[in-house]
Amino acid sequence: MVSRKGKFITIEGLDGCGKSTQLAKLADFLRAQRMDVLVTREPGGTLIGDRIRALLLDSATSGLAPTAEMALMFAARAQHLEELILPALAQGKIVLCDRFTDSTEAYQGAGRRLGSGPVLELHRLLCGDIWPAATVLMDTDAALSVSRARRRNRGRSSVHSEEPNENRFEEESRAFFERVRAAYLEIARREPDRVIVIDARGTPDATHQAIVRALEPRLNLRAKTG
Ligand code: TYD
């Protein structure tokens, strides 16, 4: 385990659960306390990672083997850790990351049925077994979440439908997302000290308050603002 001065916090949940909104609100909250916050996301976060992201999320990418998909998620993550996350933590920053290895366990491990074992093994081999200090899991109903994500993506890609898009996962079945949700909840049961489950079906403000309340004592956030 590397020595880390900063704090690594990840946010997880189904597509369309409202992660981006909550990440922005949490970043504002922390910055208002004069904390140095880096907001990033997976897959992506670096130039190389964004190129991998484009390949992974574009619905024009067809025939990608599940194992290759998993390997690409980890390729982007290894680059992200090396180039951005670890240096930022070493500088004492709070790193807020939209998705991390729990996404791979939920989507590739359970959604694609590759199992948790290979995901955790690759995490150990390629990511130095580095885990967040806390993970916020935004739990929502699978059907609701995915229909929101699909609506959002349709809105984005309706004009130039042949252009690259980020729809490939949203086109998966309801059963796929039910497996993803169940896997997330199982990770939370397995790691209650790290993973905080937040009911994300309320208003964005209520969800934000719940996230802040849950993170404050665990990370001693106020005490560190000096
Ligand atoms: P994201 O940009 O967070 O999409 P959304 O805003 O819709 O939640 O994530 C992109 C997609 O990539 C999402 O469908 C989940 C998927 N994904 C995986 O399948 N495995 C992974 O390891 C990661 C990081 C993401």
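The structure contained in this document is the topic of the report that follows. (Residues numbered from 1 in each chain as written. Predicted model: local features only at pLDDT ≥ 70, side-chain atom pairs only at ≥ 80, totals over all residues. Heavy atoms only, no water.)

Quick look at a positive patch on the surface now. On the surface, Arg148, Arg150, Arg151 and Arg154 cluster together to form a positively charged patch. By the element assignment, Arg148 lies in helix α6 (residues 142-157). (Patch = residues over 30% accessible without salt bridge, like charges linked within 9 Å, V, L, I, M, F, W, Y side chains within 5 Å. Areas by Shrake-Rupley, 256 points an atom, 1.4 Å probe, with all protein chains shown as cover. Salt bridge = Lys/Arg side-chain N within 4 Å of Asp/Glu carboxyl O. Lys, Arg positive; Asp, Glu negative; His and termini not counted. Charge placed at Lys NZ, Arg CZ, Asp CG, Glu CD. Helix = DSSP H or I, 4+ residues; strand = E, 2+ residues; numbered from the N terminus.)

Around the ligand lies a shell of 17 residues, among which Asp15, Arg53, Arg99, Thr104 and Arg152 are the nearest. One of the side-chain N or O atoms of Thr104 is found 2.5 Å from an oxygen atom in the ligand. Contact distances for the ligand include 2.6 Å between an oxygen atom and a side-chain N or O atom of Arg152. According to the grid-proximity analysis, the pocket containing the ligand is the largest pocket. For the shell around the ligand, the secondary-structure elements that each account for two or more residues are α2 (47-57), α3 (66-90) and α4 (101-111). (Near = heavy atom within 4 Å. Polar contact = N/O pair within 3.5 Å; in protein donor to acceptor, adjacent residues only side chain to side chain. 1 Å grid on protein atoms, 1.4 Å probe; cavity = no way out; pocket = protein on both sides within 12 Å on 5 of 7 lines; lining within 4 Å. Sits in = over half its atoms within 2 Å of the grid points.)

This part takes up the packing of α3 against α4. Any two packed helices are characterised by the angle at which their axes cross and by the distance between the axes. Put simply, α3 and α4 touch, their axes get as near as 11 Å, and they point 175° apart. Put simply, α3 runs roughly antiparallel to α4. Of α4, the residues touching α3 (which contributes Glu69, Met70, Met73, Phe74 and Arg77) are Thr101, Thr104 and Gln108. Residue classes in the contact of α3 with α4 are distributed as 3 nonpolar, 3 polar and 2 charged. (Axes fitted to C-alpha atoms, helices over the stretch in contact; angles between N-to-C directions. Parallel < 35°, antiparallel > 145°, perpendicular 65-115°, else oblique. Contact = heavy atoms within 4.5 Å. Nonpolar A, V, L, I, M, F, W, Y, C, P; charged D, E, K, R; others polar.)

Along the chain, Ala71 turns up in helix α3. The exposure class assigned to Ala71 is partly exposed, which follows from its relative accessible area of 41%. Along the chain, Ala71 and Val119 lie 48 residues apart, while their C-alpha atoms are 9.3 Å from each other. (Buried < 20%, exposed > 50% of the residue type's maximum accessible area, 1.4 Å probe, protein only.)

A few words on the state of the cysteines. All chains considered together, the criterion is met by 0 disulfides. The cysteine Cys17 is free of any disulfide, with Cys97 supplying the nearest cysteine sulfur at 14 Å. You can see Cys127 has no disulfide; the closest cysteine sulfur is in Cys97, sitting 11 Å from it. Taking the relative accessible area as the measure of exposure, Cys127 reaches 3% and is therefore buried. (Disulfide = S-S within 2.5 Å.)

All right, on to the packing of aromatic side chains then. Here the structure, examined in full by the defined rule, presents 6 aromatic pairs. With 6.0 Å between their ring centres and 90° between their planes, Tyr107 and Phe169 make a pair best called edge-to-face. One end of the pair, Tyr107, is in helix α4; the other, Phe169, is in the loop between α6 and α7 (174-190), and 62 residues separate them in sequence. With a relative accessible area of 6%, Phe169 lands in the buried category. Among the aromatic residues, ring-to-ring pairing joins Tyr107, Phe169, Phe176, Phe177 and Tyr184 into one connected group. Stacked on the ring of Phe100, the Lys or Arg Arg77 has its end atom at 5.3 Å from the ring centre. Directly above the aromatic system of Phe169 lies the positively charged group of Arg168, at a separation of 5.0 Å from the ring centroid. (Phe/Tyr/Trp six-rings, centres within 6.5 Å; stacked < 30°, edge-to-face > 60°. Lys NZ or Arg CZ within 6 Å of the ring centre and 35° of its normal.)

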